[in-house]
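Overview (structure and organization)
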Amino acid sequence: MNFIFGKSNIYSVDYIHMNHSVDIASHKASSPVSGYFSILIPSWNNLPFLKNCVDSIQKNSRFTHQIIIHINEGTDGTLTWVKEQGFDYTLSAENVGVCYALNAAAELATTDYILYINDDMYTCPDWDAYLWDEIQSLSHNKFYLSATMIEPVKTNNRCVIAPHSYGDHPDRFREADLLHEFSMYAKKDWFGSSWPPALVHRSLWQEVGGYDVAFSPGFGSDPDFSMKLWKAGVRHFKGLSKSRVYHFQSKSTGRVVKNDGRLTFTKKWGYTPSYFYKKVLKLGQDYTAEPLVFSKNADYLWARIKGLFTALKS
């Protein structure tokens, strides 16, 4: 990764992966913003959602935060708007996916905490205060925390609150109804923090090297990042119920050609991401004080065998 500095605090980052060069320009705001979190928001020609996301952060946060946006292409007016707002940003002429985007944006982080959020999310009031309170309750930085998503469509995801639809686009967003009702839904804290909005200490991000670009454009990168954190000694994977966001649900991922993240994960770690989520992180189960453990039992051995066959068949 080579940094080439140019004029007016703009520089380019040349990422080399699998003989493919990815050029990412980076720009620091002329008036640096200090804050509690450095919030990374990758966006791909999704300006209405990005504006909605940023607006919610600015008006519904208890604290001030540094906002860093990675702009993929930005041909819909995103680049112009981000410049007008004076945010820190990184820019690629093509869609480079979330792994490259997050790693580049994280280079601009000025706070001790890095939070990754998608542009199709709306943060509810005091979402950040609950995360901050959790951090203050810990005596260490070995944690991975997530806010809890409210989603319009019910899926198999046990970590979310659904189905509760408040619109599928900012133009049809029932914001007032959400603000009146978001805290009424019963939900306990949950095991297995592994996707945005997600928060780690910057030293931990640097220790594990951010997101693995082998998972570009990004499918499978979330469990891989969690696995790297596990290897780094993290055992506090917790989703906070009171910290809530509304998720419009995958408004960008539906446009991208998907990589086989499951296969990449399995080849890298020797078992499937679903095994890691279910058996190790206990993803979606109600949070308790019971520590997470990686038991090398019969289930583990069977998972390794299936992982080997999965890799051999590819």
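Higher on the page you've got the structure.
So, a few notes on the structure that sits alongside this text. As the structure is a computational prediction, the values presented were derived from the model and not from experiment.

**A closer look at empty space enclosed by the protein**
On inspection of all chains with the given rule, the structure shows 1 cavity of 30 Å³ or more. Estimated volume of the largest cavity: approximately 40 Å³. Lining the largest cavity, in full, are Ile 114, Tyr 116, Tyr 144, Ala 198, Leu 199, Val 200, Trp 205, Tyr 211 and Phe 225. Top element by residues in the lining of the largest cavity is strand S11 (residues 198-201). It accounts for 3 residues. For the lining of the largest cavity, the residue count by class is 9 nonpolar, no polar and no charged.

**Quick notes on a positive patch on the surface**
Side chains of Arg 158, Arg 262, Lys 278, Lys 306 and Lys 313 sit close together on the surface and give a patch of like positive charge. Inspection of the secondary structure puts Lys 306 in helix H10 (residues 298-313). Residue Lys 306 is classed as partly exposed on the basis of its relative accessible area of 44%.

**Here we look at the pairing of S11**
Residues Ala 198 and Val 200 of S11 are buried on one face, and the alternating residues Leu 199 and His 201, pointing to the opposite face, are buried as well. Both strand S7 (residues 113-116) and S11 contribute to a ladder of 4 bridges, which runs antiparallel. Among the inter-strand pairings, Tyr 116 is bridged to a residue of S11, identified as Ala 198. The sheet contact formed by strand S9 (residues 143-150) and S11 spans 2 bridges and is antiparallel. Considered in S11, the bridge of Leu 145 is made with Leu 199.

**Here we look at helix H9 (residues 273-280)**
Taken as a whole, H9 has its buried residues at Pro 273, Tyr 275, Phe 276, Tyr 277 and Val 280. Lining the buried residues of H9 we find helix H7 (221-231), helix H8 (261-269) and H10. Among the residues trailing H9, Lys 282 stands out with phi positive, at a value near 55°.

**Regarding the packing of aromatic side chains**
Scanning all chains against the criterion turns up 35 aromatic pairs. Ring geometry for Tyr 36 and Phe 63: centres 4.1 Å apart, planes at 10°, overall stacked. With a gap of 27 residues between them, Tyr 36 in the loop between strand S3 (20-27) and strand S4 (38-44) and Phe 63 in the loop between helix H1 (47-60) and strand S5 (66-72) connect regions that are remote in the sequence. Classification of Tyr 36 by relative accessible area gives partly exposed; the value is 32%. Arranged with centres 6.4 Å apart and planes meeting at 65°, the rings of Phe 63 and Trp 132 form a pair that is edge-to-face. Of this pair, Phe 63 sits in the loop between H1 and S5 while Trp 132 sits in helix H4 (residues 127-137); the two residues are 69 residues apart in sequence, bridging distant segments of the chain. The lysine or arginine in question, Arg 235, covers the ring of Trp 230, its NZ or CZ lying 3.7 Å from the ring centre. In this structure, Lys 238 is placed above the aromatic ring of Tyr 287, and the distance from its NZ or CZ to the ring centre is 4.6 Å.

**Looking at the pattern of salt bridges**
On inspection of all chains with the given rule, the structure shows 13 salt bridges. For Glu 134, the salt bridge goes to Lys 238, with nearest N and O atoms at 3.3 Å. Of this pair, Glu 134 sits in helix H4 while Lys 238 sits in strand S12 (residues 236-247), and the two are 104 residues apart along the sequence. The pair Glu 134 / Lys 238 is uniform in exposure class, with both members buried.

**Things to note about the environment of Ser 56**
Secondary-structure assignment places Ser 56 in helix H1. A sequence separation of 68 residues divides Ser 56 from Cys 124, and the C-alpha atoms of the two residues are 7.2 Å apart.

**Comments concerning helix H3 (residues 97-106)**
Burial within H3 is extensive, with 9 of its 10 residues counted as buried. Regarding H3, the residues found buried are Gly 97, Cys 99, Tyr 100, Ala 101, Leu 102, Asn 103, Ala 104, Ala 105 and Ala 106.

**Focus on the side chain of His 70**
The topology assignment puts His 70 in strand S5. Other than its neighbours up to four places away in sequence, His 70 contacts Ile 24, Ile 41, Pro 42, Ser 43, Thr 90, Leu 91, Ser 92, Val 96 and Ala 101.

What counts as what
- Residues numbered from 1 in each chain as written.
- Predicted model: local features only at pLDDT ≥ 70, side-chain atom pairs only at ≥ 80, totals over all residues.
- Heavy atoms only, no water.
- 1 Å grid on protein atoms, 1.4 Å probe; cavity = no way out; pocket = protein on both sides within 12 Å on 5 of 7 lines; lining within 4 Å.
- Points joined across faces, edges and corners; volume = space filled by probe spheres on them.
- Helix = DSSP H or I, 4+ residues; strand = E, 2+ residues; numbered from the N terminus.
- Nonpolar A, V, L, I, M, F, W, Y, C, P; charged D, E, K, R; others polar.
- Patch = residues over 30% accessible without salt bridge, like charges linked within 9 Å, V, L, I, M, F, W, Y side chains within 5 Å.
- Areas by Shrake-Rupley, 256 points an atom, 1.4 Å probe, with all protein chains shown as cover.
- Salt bridge = Lys/Arg side-chain N within 4 Å of Asp/Glu carboxyl O.
- Lys, Arg positive; Asp, Glu negative; His and termini not counted.
- Charge placed at Lys NZ, Arg CZ, Asp CG, Glu CD.
- Buried < 20%, exposed > 50% of the residue type's maximum accessible area, 1.4 Å probe, protein only.
- Pairing = 2+ DSSP bridges.
- Contact = heavy atoms within 4.5 Å.
- Phe/Tyr/Trp six-rings, centres within 6.5 Å; stacked < 30°, edge-to-face > 60°.
- Lys NZ or Arg CZ within 6 Å of the ring centre and 35° of its normal.

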